[in-house]
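Geometric and topological summary
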Amino acid sequence: MSFIPYSRQHVEQSDIDAVVAVLGSDFLTQGPAIPFFERAFADRHQVPHALAVSNATAALHIALLALGVGPGARVWTSPNSFVASANAALYCGATVDFVDIDPISRNLSVAKLAEKLEAAEREGTLPQVIVPVDFAGLPADIEPMRKLADRYGFSILEDASHATGASYRGKPVGSAWADITVFSFHAVKIVTTGEGGMLTTHSDELAHRLTLLRSHGITRQAELLERQDQGAWYYEQQMLGWNYRMTDIQAALGTSQLARMDAMRDARQAIADRYDRLLSALPVFSAPRSPESISAWHLYVVELDTERCAASRRAVFDAMRRAEIGVNVHYIPIYMQPYYRHLGFSDGYCPVAERYYNRALTLPLFPAMSSAQQDKVVSVLEEALQA
Ligand SMILES: *Cc1c(COP(=O)(O)O)cnc(C)c1O
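Reference entry: report on the structure contained in this document.

1. Digging into helix α5 (residues 110-123)
Over its 14 residues, α5 runs 20 Å from end to end, which matches the ideal 20 Å to within 8%, given 1.5 Å per residue. Of all the positions in α5, only V110, L113, L117 and A120 are classed as buried. The arc enclosing the buried residues of α5, seen along the axis, measures out at 80 degrees, which places them on a common side. Residues of α5 that are exposed and angled more than 90 degrees away from the buried face: A111, E115, R122 and E123. Contacts from the buried residues of α5 go to β2 (74-77), β4 (129-131) and α6 (142-152). Measuring from the backbone nitrogen of A111 back to the side-chain oxygen at the start of α5 gives 3.3 Å, which picks out S109 as the cap. Positive phi appears at G124, one or two residues downstream of α5, with a value of about 70 degrees.

Okay, structure coming up:
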């Protein structure tokens, strides 16, 4: 058996056919495949607006801009995420801070958030935006965050890069509670367009601003023009935007993948369920679940139970890689990165996230993973834990 990656895209002939069809059409970009994908995504996620962009990092950037984040603003996020969740705030000239995680869900802790907000209110340092992250596909506990948002006056930008197709309290992620939700279609994520991202929102006003921001701040829509229309060539740049557009090639792949999203999620869930059973006797804590949510199962992350096993995470990781198993570690707390240390953060800032990080191990999980591959992962893990 060859190398088993921690994640792998699931591409079928129908996806290939959809991409090839666009390549022979009139538009490779700015054509009809993009609004078609956006409509399908919006319908599936029960939200009025879905806007496709070049990647989720770009989506986070323009989402913060649309929410009014600029120099001097404060943005708080989870340390247990990919660096993009925090970097986007720095792109806007804002200050980033981190709220420690819940030890069970590994998502931003609502209790810690409430405490930090109380202190910030006293000190006059309340954030403008909170960026909860649906780590590993398990939705963040966002309804109580909404209550805090309404009380303290901040916006919620949900980073659902791991959670396309997940749901929380009976509603699809991206359909309720957050002001804007961002999804990633990078190749290792749930649904892929190679590189790509999506923003969802209920707000017509935010959708309008996001539409401008993703394409140079330019509009051609007659009813939106500030100056008099001078002819059919006329367009206006009304704000400073970027070129963060998705191509029609990617959108066609996304639409085709979206049609299989629920089936791929079910396949991931079945593998996760099987991991739970196979790992039950091993000295590890298995991936968390919540009765309130349906996870997208982007990642299956265990934590070594250091009280019941002597092997170090480093040794277990190395032994598994030697056996050609693509284990990984998600995530190094963002503020422990040298760039963030230079901004003034030090080790120990979010102790729960650090304790989690020191024991975490991501096991391979992808829709086409076979039982034989999974058995191999578990048996190598079992052996490595005994060493
Ligand atoms: C992958 C990821 C991103 C960035 O997504 P891209 O589409 O690669 O830009 C942002 N946040 C989280 C949590 C991610 O996992």
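Now that the structure is up, let's keep going.
2. Digging into the pairing of β2
Note: β2 against strand β3 (residues 95-98), four bridges, orientation parallel. For W76, the partnering residue across the bridge sits in β3 and is D97. Regarding topology, helix α4 (residues 84-91) serves as the crossover connection from β2 to the parallel β3, and that connection is right-handed. Alignment of β2 against β4, held across three bridges, turns out to be parallel. Residue pairing in the sheet places V75 in a bridge with V129 of β4.

3. Here we look at the pairing of strand β14 (residues 300-304)
Across the five residues that make up β14, a large majority, five, are buried. Here β14 shows no split at all, with Y300, V302 and L304 on one side and V301 and E303 on the other all buried. Sheet analysis places strand β12 (residues 284-285) next to β14, joined by two bridges and oriented antiparallel. The residue bridging V284 from the neighbouring strand is L304, located in β14. Sheet analysis places β14 next to strand β15 (residues 360-363), joined by four bridges and oriented antiparallel.

4. Overview of the side chain of S184
Locating S184 in the fold gives a position in strand β8 (residues 180-184). With relative accessibility at 5%, the residue S184 sits in the buried group. A polar contact of 3.5 Å, which involves the side chain of S184, links it to the side chain of K189. Those residues in contact with S184 that sit more than four places away from it in its chain are A56, S161, T164, K189, V191, G196 and G197.

5. A short note on the site of the ligand
In the vicinity of the ligand, 16 residues are found, and the nearest of them are T57, D159, H162, S184 and K189. Contact between the ligand and H162: an oxygen atom at 2.7 Å from a side-chain N or O atom of the residue. Between the ligand and K189, the relevant distance is 3.0 Å, taken from an oxygen atom to a side-chain nitrogen or oxygen of the residue. Protein contacts shield 93% of the accessible area of the ligand, which totals 380 Å² for the unbound molecule. Among the secondary structure elements, those contributing two or more residues to the shell around the ligand are α3 (56-66) and α4. Its residues assigned to classes, the shell around the ligand comprises five nonpolar, nine polar and two charged.

Conventions and cut-offs
- Residues numbered from 1 in each chain as written.
- Predicted model: local features only at pLDDT ≥ 70, side-chain atom pairs only at ≥ 80, totals over all residues.
- Heavy atoms only, no water.
- Helix = DSSP H or I, 4+ residues; strand = E, 2+ residues; numbered from the N terminus.
- Expected span 1.5 Å × (residues − 1).
- Buried < 20%, exposed > 50% of the residue type's maximum accessible area, 1.4 Å probe, protein only.
- Arc of directions from axis to C-beta.
- Contact = heavy atoms within 4.5 Å.
- Polar contact = N/O pair within 3.5 Å; in protein donor to acceptor, adjacent residues only side chain to side chain.
- Pairing = 2+ DSSP bridges.
- Right-handed = clockwise from strand over helix to strand, strands pointing away.
- Near = heavy atom within 4 Å.
- Areas by Shrake-Rupley, 256 points an atom, 1.4 Å probe, with all protein chains shown as cover.
- Nonpolar A, V, L, I, M, F, W, Y, C, P; charged D, E, K, R; others polar.

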